[in-house]
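# Chain and residue survey
Each chain, letter by letter, is given below.
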Amino acid sequence: MELPVKAGDAATQTIEIDNGRAVIIGANGAGKTRFARHISRQLGEKAFTLNLVEALYKDSVPDAEASDTDRLFMASHLPEYEKNRSQTPLERLISMLMHEELEQMLAYKFGDSKEDTTLPHTRLDTLMELWKRIFPQNDVLVEGGKLLFRNGMAADSFPVRRLSHGERAVLYYGAAMSYAPRNSVIFVDSPEMFLHPSTMQLLWNTLEAMRSDCTVIYVTHDVEFAASRAGATVIWVRACDISAPTGPVWDYNVLPPQDAIDDKMYMTILGERRSVLFIEGDQRSIDARLYPMIFPDRSVKPLGSCNKVIESTRTFNDLNGLHHMSAAGIVDRDRRDDAEVDYLRRKNIMVPDVAEIENILLLPEVVRSVAGACGKNPMHVFNSVSKSIMAMFRHDLHQQAMLHTRHRVKRTLEYRVDGRFADINALEKHMDALIEEIDARGLYDSFCRRFHSLLRDNDYREILKVYNQKSMLSGCNVAGLCGLKNKDEYIDRIMEILRGDTPYADTIRKAVRAALSAPAVF
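Residues numbered from 1 in each chain as written. Predicted model: local features only at pLDDT ≥ 70, side-chain atom pairs only at ≥ 80, totals over all residues. Heavy atoms only, no water.

## Brief notes about the environment of Gly304
Assignment of secondary structure puts Gly304 in the loop between β12 (299-302) and α12 (306-318). Its relative accessible area of 34% is what places Gly304 among the partly exposed residues. In this structure, the C-alpha to C-alpha distance between Gly304 and Ser285, residues 19 residues apart in sequence, is 9.4 Å. Apart from the residues lying within four places of it in its own chain, the contact partners of Gly304 are Ile279, Glu280 and Gly281. (Helix = DSSP H or I, 4+ residues; strand = E, 2+ residues; numbered from the N terminus. Buried < 20%, exposed > 50% of the residue type's maximum accessible area, 1.4 Å probe, protein only. Contact = heavy atoms within 4.5 Å.)

In structure tokens, the structure reads:
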């Protein structure tokens, strides 16, 4: 794909788009929409542009400046009176779907071949399946040649015009993308508009899978949306000079695909600034998938190591007078003792009441919610998981005690060997005293006694707090008990639940926030 001439360069730049998606991102007024139009013009008929605002609000008859979907509408088999009627582009798409559905039904009923007794699967069928996936509590139905909707348990159905902006956005994108020519390049401006973050992710993940033959290019200023398009080619448009003699010239960069969005861009393109939540891991980690679902009002930024999270939170808050935002962090508990945890929490770093991120997914409320959502007996599943965790912890008890002892010794040495010593004799004397004071054997025995006590008391939550074992999620067979293939499907199921608005999702969010001791106003 050919990009415009870059400021300071003499030649155009050509790039290959991997994974079928690209993101053009920049601040308001940076020229990203012009940039996208330039690319679409180079692609000619291969480009297919979606315009949500026009689709929802432009009530008119298609004219010479018709959009890509309107041109398809004018070329369809619809009767002329339908084509000359004033409608929004969304309503025209629905007219096309309904007419196509009628044609398919008539062809099936009166066609010559009766070998195939199954009804054809139409674009309307695909759209209705999408609707039920995005809004599982709502119904979509065809009555009297019209597409009607019903919310929840409401008895009355209603037409498209009574849907919310977000619902109509889902309807438009689903219908429009079903009509995109094969192997086309689909341009989507402001894909996050009117959509809740969880709905937005599910919608675009589903539509990308539905049109895997196409390349989708998103134009956005939303960093979180850009980060959600894992593996996408990211083009950062910083500015545009529209007064250049040869036409618009852009200042832009194509970011290396392996790099996360850097701090400088993050601070530049945030338009309506939100407070920041720094977390461990990278864009593909469980942390990066889970915490945006738990804290949708925060800009969640993975930083890798726990030390980077702690330092970035401190630095960010020290500069509060400059950017007027607050920052918080989340780090794994690992083997930190209560004193270390209290210190971090005073520094605006949340530390969960479990050892690591995988243990959060084994909280009783989470296990029971996933089991219920999968149609299994929640208490039966949790009791089985609990027994397995107890057995694993009993088997690993001495190893875990040793790991906790080593951590405590290491932290004590780090804190205490920090004085100024006049000579080597003074340092040696200090170290000898420390060895006697630390008493590694005593620490080890103390941890063993404590862990035996947790097993004796069947204290599942406290075991989750001290047990660091990456294989625990697989070893306890929670996925199999929920009817899922493996731990990855179990994790995916949790994310799928959190994308919805159900009691199960509410229970999981409350459980995770409680485990983090997250402030009520956070």
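Picking up after the structure, the text goes on.
## What to know about the pairing of strand β6 (residues 146-151)
The sheet contact formed by strand β5 (residues 138-143) and β6 spans 6 bridges and is antiparallel. Among the inter-strand pairings, Asn138 is bridged to a residue of β6, identified as Asn151. Hairpin connection, β5 to β6: the antiparallel pair is bridged by 2 residues, and Gly144 has positive phi, about 60 degrees. (Pairing = 2+ DSSP bridges.)

## What about the sheet that holds strand β7 (residues 185-189)?
Taken in spatial order, the 6 strands make up an open sheet running β4-β7-β8-β3-β9-β10, and their pairing is mixed. Of all strands in the sheet, those bounded by a partner on one side alone are β4 (47-50) and β10 (249-255). Averaged over all neighbouring strand pairs, the angle between strand axes comes to 20 degrees, with direction disregarded. Inspection of the sheet shows strand β3 (residues 21-25) paired to strand β8 (residues 215-220) by 5 bridges, in the parallel sense. Note on β8: the bridge partner recorded for Arg21 is Val216. On the sheet, helix α7 (residues 165-178) packs against β4, β7 and β8 and is oriented at approximately 165 degrees with respect to β4. (Axes fitted to C-alpha atoms, helices over the stretch in contact; angles between N-to-C directions.)

## So, unusual backbone geometry
At Asn458, a position not held by glycine, the phi torsion is positive, near 55 degrees. Along the chain, the position of Asn458 falls in the loop between α19 (440-456) and α20 (460-466). Positive phi values are uncommon outside glycine, yet Asn477 reaches one of about 60 degrees. Within the secondary structure, Asn477 sits in the loop between α21 (472-475) and α22 (478-481). For Asn477, a relative accessible area of 42% corresponds to the partly exposed category.

## A few points about the sheet that holds strand β14 (residues 349-350)
Strand order in the open sheet formed by 4 strands is β12-β11-β13-β14, and the pairing between neighbours is parallel. Unpaired on one side and paired on the other, β12 and β14 mark the two borders of the sheet. Where strand β13 (residues 327-330) lies against β14, 2 bridges are found, and the strand directions are parallel. Residue pairing across strands places Ile330 opposite Met350, the latter belonging to β14. Sheet strands in contact with α12 are β11 (276-279), β13 and β14, and its direction is about 170 degrees off that of β13.

## Some words on the nonpolar core
Counting 64 residues, the largest nonpolar core has Tyr291, Leu362 and Tyr490 as the members making the most contacts within it. In terms of residue count, helix α17 (residues 378-416) provides more of this core than any other element does, 9 residues in total. Filtering out sequence-adjacent residues up to four positions away, Tyr291 remains in contact with Ile279, Val300, Ile330, Ile357, Ile360, Val512 and Leu516. Counting 54 residues, the second largest nonpolar core, distinct from the first, contains Leu50, Leu56, Ile134 and Ala176. (Core = buried A, V, L, I, M, F, W, Y, C linked by side-chain atoms within 4.5 Å.)

## Overview of a nonpolar patch on the surface
On the surface, Val53, Tyr57 and Phe194 cluster together into a nonpolar patch covering about 270 Å² of accessible area. Within the secondary structure, Tyr57 is located in helix α2 (residues 52-57). (Patch = residues over 30% accessible without salt bridge, like charges linked within 9 Å, V, L, I, M, F, W, Y side chains within 5 Å. Areas by Shrake-Rupley, 256 points an atom, 1.4 Å probe, with all protein chains shown as cover. Salt bridge = Lys/Arg side-chain N within 4 Å of Asp/Glu carboxyl O.)

## Some words on the pattern of salt bridges
Evaluation of the coordinates by the stated rule reveals 28 salt bridges. For Lys132, the salt bridge identified is with Asp139, shortest N-O distance 3.2 Å. Since its relative accessible area comes to 32%, Lys132 is described here as partly exposed. Between Asp337 and Arg408 there is a salt bridge, with its nearest N and O atoms 3.6 Å apart. Of the two residues, Asp337 sits in the loop between β13 and α14 (338-346) while Arg408 sits in helix α17, which places them 71 residues apart along the sequence. Shared partners join several salt bridges into a network, and the residues in it are Arg333, Asp338, Arg345 and Asp353.

## Focus: the side chain of Glu100
For Glu100, the location among the structural elements is in helix α5 (residues 89-110). On the basis of relative accessibility, which here comes to 15%, the residue Glu100 falls in the buried class. Looking at Glu100, its side chain comes within polar contact range of the side chain of Arg123, at 2.4 Å. Excluding residues that lie within four positions of it along the chain, Glu100 makes contacts with Thr122, Arg123 and Tyr179. (Polar contact = N/O pair within 3.5 Å; in protein donor to acceptor, adjacent residues only side chain to side chain.)

## As for helix α11 (residues 286-294)
Counting buried residues in α11 gives 7 out of 9 residues, a clear majority hidden from the surface. Among all positions in α11, only Ile286, Asp287, Ala288, Leu290, Tyr291, Met293 and Ile294 are buried.

## Re the packing of aromatic side chains
Applying the stated criterion to the full structure yields 12 aromatic pairs. Ring centres of Phe382 and Tyr460 lie 5.1 Å apart, and the angle between their planes is 85 degrees; this geometry places the pair in the edge-to-face category. Of the two residues, Phe382 sits in helix α17 while Tyr460 sits in helix α20, which places them 78 residues apart along the sequence. Classification of Phe382 as buried rests on a relative accessible area of 10%. Within the aromatic cluster, the residues linked to one another by ring pairs are Tyr172, Tyr173, Trp204, Tyr218 and Phe225. (Phe/Tyr/Trp six-rings, centres within 6.5 Å; stacked < 30°, edge-to-face > 60°.)

## Quick look at the packing of helix α16 (residues 364-373) against helix α24 (residues 503-516)
α24 packs onto α16 with a crossing angle of 165 degrees between their chain directions and a minimal axis gap of 9 Å. The pairing of α16 with α24 is recorded here as roughly antiparallel in orientation. Crossing handedness for the pair α16 and α24: left-handed. Where α16 abuts α24, its residues Glu365, Val366, Ser369, Gly372 and Ala373 lie against Tyr504, Thr507, Ile508 and Ala511. Within the contact of α16 with α24, the residues separate by chemical class into 5 nonpolar, 3 polar and 1 charged. (Parallel < 35°, antiparallel > 145°, perpendicular 65-115°, else oblique. Left-handed = near helix turned anticlockwise from the far one by under 90°. Nonpolar A, V, L, I, M, F, W, Y, C, P; charged D, E, K, R; others polar.)

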